[in-house]
Each structure stands twice: as C-alpha cells, then as structure tokens.
Amino acid sequence: MRDANPQTIYLKDYSVPEYLIHEVDLNFDLGEEHTVVVARLTLQRNPQSQSPNQELTLMGEDLNLLGVELDGTALHAQQYVQTDTSLTIHQAPQDGIFVLKIENSINPKANTAFEGLYQSSTMLCTQCEAEGFRKITYFLDRPDVMSRFKTTLVADKDKYPVLLSNGNKVEQGELAGNRHWVSWEDPFAKPCYLFALVAGQLECIEDRFVTMSGREISLQIYVEAHDVDKCDHAMQSLKNAMRWDEEVYGREYDLDLYMIVAVGHFNMGAMENKGLNIFNTKFVLARPDTATDSDYEHIEGVIGHEYFHNWSGNRVTCRDWFQLSLKEGFTVFRDQQFSGDRASKAVKRIEDVNMLRARQFAEDAGPLAHPIRPEAYIEINNFYTLTVYEKGAEVVRMLHTLLGGEGFRKGCDLYFQRHDGQAVTCDDFVSAMEDANGRDLTQFRRWYSQAGTPQLNVEQHYDAESGQLELTLRQHCPDTPGQTDKPPLHIPVKIGLLNSRGQVELIKLDGRPPVEETVLELTEAEQSFALSGLAEQPTVSWLRGFSAPVIVKMQRSLEELAFLLSYDSDTFNRWEASQQLAGQVIADLIADIQQGRELTLNPVIVEAYTKLLEQQWDDLSYFSLLLALPDESYLASQMDVIDVDAIHQAREFVKKSLAERLQAHFLRLYRENHREESGQFDAGAIGRRRIKNTCLHYLSTLETGDSQSLSLRQFEGAANMTDQMASLSAIVNSRHPAKQACLEQFYRQWQDEDLVIDKWFALQASSHWPGTFAKVQQLLQHSAFDMKNPNRVRSLVGAFSQANPVHFHARDGSGYHFLADQVIALDKLNPQVASRMVTALTQWRRYDDERQQLMKAVLQRIIDTEAISTDVFETASKSLA
Ligand code: 0A1
Ligand code: ZN
C-alpha cells in the first residue's frame, strides 16, 4: 500500500550496482499458505562501482525473515537492518567472493496482487517482472544484476506432482511423508525478473523441434487436465515461431527444453521467463468451438512474442526499467512481422495501426504521455504502456524502413553479437544499427526521448510548364507534460504517385532512377522535395504502409478519397481512404445531429461501397476491413470535444442506411460465404467467416423478421466460436426477441469454460443497447463474477469502461462512479490491474465541461481513498495534473 510520500525514480540517477550476484541457489519448501525459501547468494563487490558505501542493501517486500548467514556464520540482529522494503547488511565484505544465506517465508495464498509467488486455482506460480522477485526473497532486484540460478523445489507429491523451474531438470528424488523434490539448473546468467517456478497438478502435451543446426528441442505445454484438448494450436504456433526466427533473424533456441504453462489468474498476457514461459490461459487455449479466429491469431502472436524474447529480452536484456522498450518495442515489431508473414500482411498492418491510432495516440495526447523511454516513474508496472510497446514497435519499424530489410538485419546481427549476455540500453541498440550500416542516427534518437504524436502538414504545388511537383512537408510535435518546443524528428515518409487513370506514376527525384515508391527523409521542421518529369498533376499517396507514427494533416475531397479507395496500390492507404471517406461522412452527420438537422446519407459512400461490393476479392479479410466503418474511439479522436452520443448515433445511422441500400449485396455475400468449415483456419476459411459476419452485422441493423431469423439461425447452427459470437453480438446489439433466451442458452452451454464466459460478460458489458448499465450492475452480482480474477474483471469492468463509450460516459456520471467504486474495491486485491482500470478516466479533458467535472471528481475520490496503492495513486494523480 501507499507510502506517505511515494518516491519518484529517475533515469538520470542510474548508477551501476554496488554488488554483483554471480550465483543463486534457491530452495523452496512449497505450501499454499506457508512456503519457506532458502537462498544462497554468491556475491562480490562490483569492481565498477564508485560508491563509497560499504553496506549491502537487498530489496524485499512482504517477506518474513527467518535468518541470515554470512559465509557460514549466523548474523545477529545488530549486523543487519530490515525495513518494509529492504534488508541491509552492515560491513559487507569488500574483497573477494562471499556467500549470503537468507531464509524467509511467504504466503502465496494471501498474494492476490499476483506478483511474486501466488496461487492460481490449485497451482502455485510466479510472476517476477518487473519487481516481483523481491516478494520471493531478498535480492538485488534490478535487471543489470545477472546470475546463474539453481532451484530446488520440495512439495507434497499429490498436491504438486509437477515441479518446474528455468533451464534443465538436473535431479529429483523422494522424501518421507509423501513429499518429493526436483532440481533445475539454468546455464544462462539472467536477471531475477526472468526467474519462474510452477507447481501443480498439470497435464503436459509434448512435441519436438529440430533447430537449424540439428539440435532436438523438447517442447512442453502444461495445462489443467480439462484443457488438454485446447493446446494444439499453441504448440503449432510455437513451432512456427521457432522456425520463423531462424529463417528471418537467424536466431536459434538455446536450451534443450521449452516449456509453456497456462494459468487462469494472470495480470498481463504472458511472460517470457527463461525456458519456462507462463501464459494467461487466454493466449494458449483454443478449440474451434471455444475460440474465435481472432483468438487463434492472438495466440499465435503472443506465443511468438514470448518466444522471440528469448533473444530480444533474455539473451540481451535491459540495463534498467527505463529501457523497457528496448526489449518490448523490438519484440512487438518482431511479432508483428511474424503474424504478417503467417497470414495477411495487409490485414495485420491495418489492425496494428488501427489500435495504435485509437489508443496510443490518445495516450500520447493526454496527461500520461511519456516518451518510449520514460525519464521518471513512481511505479514501473504503470509503464507497461501502449507507448512503450506499440509506439516502441513503430520506432523500430522506422529503423527497418530507413535501413531497408538487409541493413536492419545487419544491425540486429551486430546487436546480438555485441551484447549477448549483457544488460544494455536503447542507445546501444541504435548504435548497433548505425555501426552495421555506416549511418548517423543521432537525430533519429530523439524518438526515444520525445513524447507526443508529431503532426505533419503536407502541401503540393504542381507546375505544368516544368512538369515539376513540389512537395512541402512541415512537422510539429505538440507539447506534452514536461516537454515543450521540441526539435524536429527524423521521419521516413513513404510515398507513391497515381495518374488520373489510377495507374502508377513513376517518381523522379534528385536525378535518381525512376521508382514506383520512395521514402522521403524529413529531418527539418520544414522541407521541400521536387519531383520531376510529370506530364500531369498526379495524386500523391502519402505515408504508405503508415511509415511513421504521425498524424498527417491534409484536406482531401470525398471524390479524391473515393479515387484512392479504388486505385491506390498500397493496401494500407487504400484502407485509409475508406476510413477517411466514411469518417468525413460521419463527421458531417455529427454536425447535423448537433445542429438538430435531419440526417441524410451522402451518396458518395454508397457509390464507393457499391464499387467495392461489385469487385472480386482474393483476400476476404482485407475486403471486410474496407467495409468496416471507423471505430467510435477513432472518430472520437478526430473531434475537438468528444460527443459520444452524436458519434454513436451518426455511425449507427450510416451503418443502417448502408444496410438498407446495399441489402441485396450483403445478403448475396453472406450466402456465398456461409459454409460449414469449422476447424479450418486457413486464410480462405477465416476470410469467408469474416466477410460473412461483417455482412451479418450490417443486415442485423435492419431489425426485420428476415434479418432476425438470419442471426438466430446462425447462432443456433454455429459449430465454431467465431460464428456463434458474431451472431450473439448481432442479437445483443439489436432489438431481437430472442436476446435473453440466447444469452441464457450461451451461458448454460459454456458455464464450465472460463474463457468463453469472459466473452459472455464482455459482450453484454460493451453492448450499446439501452439498459446496459443496469445489466452491468447485475452482472457484478453474478455468481460467475470474481473480483480476484483479472480476466473476469477486464471482461466486465474493463469492457464497460473502455469499450462502451455511450454508456460509460452517461451524462449523469453513473458510469464514472461505478468505475471508481470498482477501482477502489479492486485496489485492495490487485493494485496493478486496478491502476489499468483508472486509465478510462485519463482523457477527461477531451469531453464537455459537465463530464469533465464529473470525471475529475471521481479521480479525486480515488486519490483521497485511504491506503490507496502507489500504482493507482500515480495513474490517478498524473491523470488529474
Ligand atoms: N514481459 C511481458 C509482459 C509482462 C509484464 C509484466 C508482467 O507482470 C507485471 C507480466 C507480463 C511481455 O511483454 O510479454
Ligand atoms: Zn514482451
């Protein structure tokens, strides 16, 4: 809980550790309410430390100290001092190696924050990133202290038949009293945040992988017995990821064993502990009838992400937590590439950018804005943000764009070779890119220290006489907390040209050979580029592939957008044209609603959609993205003052009007693609389900007898979760007579599958239908709701506050009060998850005065709550600042 005066940690205060820990020998005597930990640490004063301090201070929290020995001699109480967060040994040896033995006990069952050692159902497991190891034993809990770990687990044989830790199993044996033990040794030195143990009644599915150098790796996935039939996809994903990292990055796995354990209680998605990944069940378990196509895709992405960390994170790790994006930005970029290669590159890029723009851009424009390498924090857990992860990945992607695929790979090779086994900084990463390519990236480094989303103004001037097109680009980065008057960034702007018939027009720049596409490197606040040899004025396709995380400010007419939607050869920009076109149509309607005018649909969008619907498409997933209207959150980001009701009303109006006008097309497409191919997960089958369900959503807005029976028939006949969820969603978000019956039937069918019940909660909590708030309050009392389970909390409280703008932002403030009540209750159990829930209130400045006052008042109420955690305090107080 909160210190009276929470301390801020600064990047500028970094200094090397005063001591090193070479070896760690851990012994756990495991019990759910009482676990005894004996740690033997082999230490040495760090020869690089300049500090005159002769004491050794180890971090520790919520530990019950039982004894300390130094080189075999017990220390008496005057030789050390203990606080709530540390253990200091006076007069620690200054020369040579010494051994400190610490014995302490902990209570895993009482640990509802899920950091350190905790209980999930019948198993015990750990989560040590970022600073959870100090809740297991006293330690130098910082990532630049790297040690070799040996771990022995002792436990009851019936309760905990499976005992796992990092590395290789080296010994095991039996003990009296129905107990047993297993020892593990990890040959790679690692920071303690990568330590893990698991004990429980687990079943294992096994496979093998032969690496590119011919080594055989044993692959194991551990789950509870009733989930054994849901592991095949995770296993296949792991093998795909291992092969991909060899082929694309030349990286091979290094241990003989790779284990994944799925746990039902987990604060985040998954964790890359060396050789023993621990996953939220959500990102492992899938069967065609329980998981949707997007669940399947996310599982492959997260399995890949954790696997890729073995190099980008584990072999080369972070010097300190300010460098978090070093491993996370890079690894997200790698998992995005992997997923793009596995399925549709175009779709993956659009999904990633859509999320970035709707959510990270909001973070970057609000009170919690921070650079991808933050400079200060109170609670590091609050910095596992969209900025560090997703914008971090965009920064790595820009390096890839600037250096080209080959240059980027050379930079990666040098980085891994230079820093293998080290804890390094973001600067080291950029230096490797520079050195491998002979490039100066000094200015590019500003992306690491500068917060906020840059805005790009683009202008074009065509001179018919000379056949020249002058492109002028201006960049500006808005002020963010603590940062004003920012210097220009190095921004790669990829462009292409289209002639008036929609064909590719070649780019001639600076006397270089003509090309179809080029990257303009913008480094000044204002810069011009002259393209020559143009017989007519071309249309410029700007920022292709979303080549930089910026906002392009330019006015395009609806006709120009419709033209780009028809002809742009860049798949991203083609989709972007569809979004902007629909966005402008909706924006005009929002103005009509606000002025009390009657609503009519602009025919431009009907024409554009008709054209799309009359074409033949190979990639049906991509096609369905072109038909999807921009999300309400994206539309909100385009407004000066967010009007949730008008946004919703305008968007629904467009959806319904399109359904009315294009009903025959939607119905035809639905019928053509409605097939029984559950269990098939190739791009074709996934695309058919996706386009069909897009059509179903349009049609369900009609609320006719026909449209209602279409969704009901699909719901009743669905043999896969994609189709079942899509039809239930259509039913729940419309006036359907069978709504209650379908919800009850779904619950009865799936009550024993936690992950499916999470979907059931989330669907109801995010429904825009009237009465949703009362429903959410009822669901809070439902026997299946459990405040101690983060997935359940996210599916009810998270879905309502983050995915239901109309009801969460109800004018009377009821949504805000509800959220504050839940945050305060949850904070007593799990501050980390509670703090994440607060972010739904962070954007208060974007709303009207009345809502601003209401949101501010509940943030203040949260801050004023007695004993609120530092996690929640930091998020709520910075949100108000
Ligand atoms: N490193 C993990 C994410 C993670 C971070 C913190 C956690 O607990 C506080 C758990 C997981 C990843 O990027 O996958
Ligand atoms: Zn990660």
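Scope of this entry: the structure provided in the associated data block. Note that the structure is predicted; figures quoted are calculated from it, not measured.

1. Overview of the pattern of salt bridges
And then number 1: What the rule picks out here adds up to 62 salt bridges.
And then number 2: With its nearest N and O atoms 3.0 Å apart, the salt bridge here joins E434 to R445. One end of the pair, E434, is in helix α6 (residues 426-437); the other, R445, is in the loop between α6 and α7 (446-449), with eleven residues separating them in the sequence. R445 carries the same exposure label as E434, and that label is buried.
And then number 3: Taking the shortest distance from any N to any O, the salt bridge between K655 and E652 comes out at 3.9 Å.

2. Observations concerning the side chain of K135
And then number 1: Structurally, the position occupied by K135 is in the loop between β11 (123-127) and β12 (148-156).
And then number 2: Among all residues touching K135, those that are not within four sequence positions of it are E61, D62, L63, I106, E115 and G116.

3. Considerations on the sheet that holds strand β16 (residues 197-200)
And then number 1: In space, the four strands of this open sheet follow the order β10-β11-β16-β13, with antiparallel pairing throughout. Unpaired on one side and paired on the other, β10 (116-120) and β13 (162-165) mark the two borders of the sheet. Neighbouring strand axes in the sheet, compared pairwise and without regard to direction, differ in orientation by 20 degrees on average.
And then number 2: Taken together, the four bridges between β13 and β16 define a ladder with antiparallel strand orientation. Looking at β16, one finds that L163 is bridged to A199.

4. As for the packing of helix α16 (residues 705-717) against helix α17 (residues 721-732)
And then number 1: Following both chains from N to C, one finds α16 and α17 inclined at 145 degrees, their axes separated by 8 Å at the closest point. Regarding α16 and α17, the two cross each other, and that crossing is left-handed. On the side of α16, the interface is formed by S711, L712, Q714 and F715, while α17 contributes D723, Q724, A726, S727, L728, A730 and I731.
And then number 2: Of the residues in the contact of α16 with α17, the class split is six nonpolar, four polar and one charged.

5. A word on the coordination of the zinc ion (ligand 2)
And then number 1: Looking at the zinc ion (ligand 2), one finds its protein donor set to be H305 (NE2), H309 (NE2) and E328 (OE), positioned 1.9 to 2.1 Å from the metal centre.
And then number 2: Coordination at the zinc ion (ligand 2) comes from four donor atoms whose angles at the metal span 98 to 128 degrees, giving a geometry best classed as tetrahedral.
And then number 3: Donor residues binding the zinc ion (ligand 2) come from one chain and are separated in sequence as H-x3-H-x18-E.

6. Considering unusual backbone geometry
And then number 1: With an omega dihedral of -5 degrees, the bond running from E129 to A130 counts as a cis peptide bond.
And then number 2: Looking at the element boundaries, A130 is found in the loop between β11 and β12.
And then number 3: Positive phi, close to 55 degrees, is recorded for L543, a residue that is not glycine.
And then number 4: Residue placement: L543 occurs in the loop between β31 (539-541) and β32 (551-553).
And then number 5: Among the residues examined, L543 registers a relative accessible area of 5% and is labelled buried.
And then number 6: At E703, a position not held by glycine, the phi torsion is positive, near 50 degrees.
And then number 7: Tracing the backbone through its elements, the reader meets E703 in the loop between α15 (683-700) and α16.

Cut-offs and rules
Residues numbered from 1 in each chain as written. Chains lettered and ligands numbered in written order. Predicted model: local features only at pLDDT ≥ 70, side-chain atom pairs only at ≥ 80, totals over all residues. Heavy atoms only, no water. Salt bridge = Lys/Arg side-chain N within 4 Å of Asp/Glu carboxyl O. Helix = DSSP H or I, 4+ residues; strand = E, 2+ residues; numbered from the N terminus. Buried < 20%, exposed > 50% of the residue type's maximum accessible area, 1.4 Å probe, protein only. Contact = heavy atoms within 4.5 Å. Pairing = 2+ DSSP bridges. Axes fitted to C-alpha atoms, helices over the stretch in contact; angles between N-to-C directions. Left-handed = near helix turned anticlockwise from the far one by under 90°. Nonpolar A, V, L, I, M, F, W, Y, C, P; charged D, E, K, R; others polar. Donors = N, O, S within 2.8 Å, 3.2 Å for Na, K, Ca; no water. Tetrahedral: all angles 85-135°; square planar, octahedral: opposite > 155°, others 65-115°.

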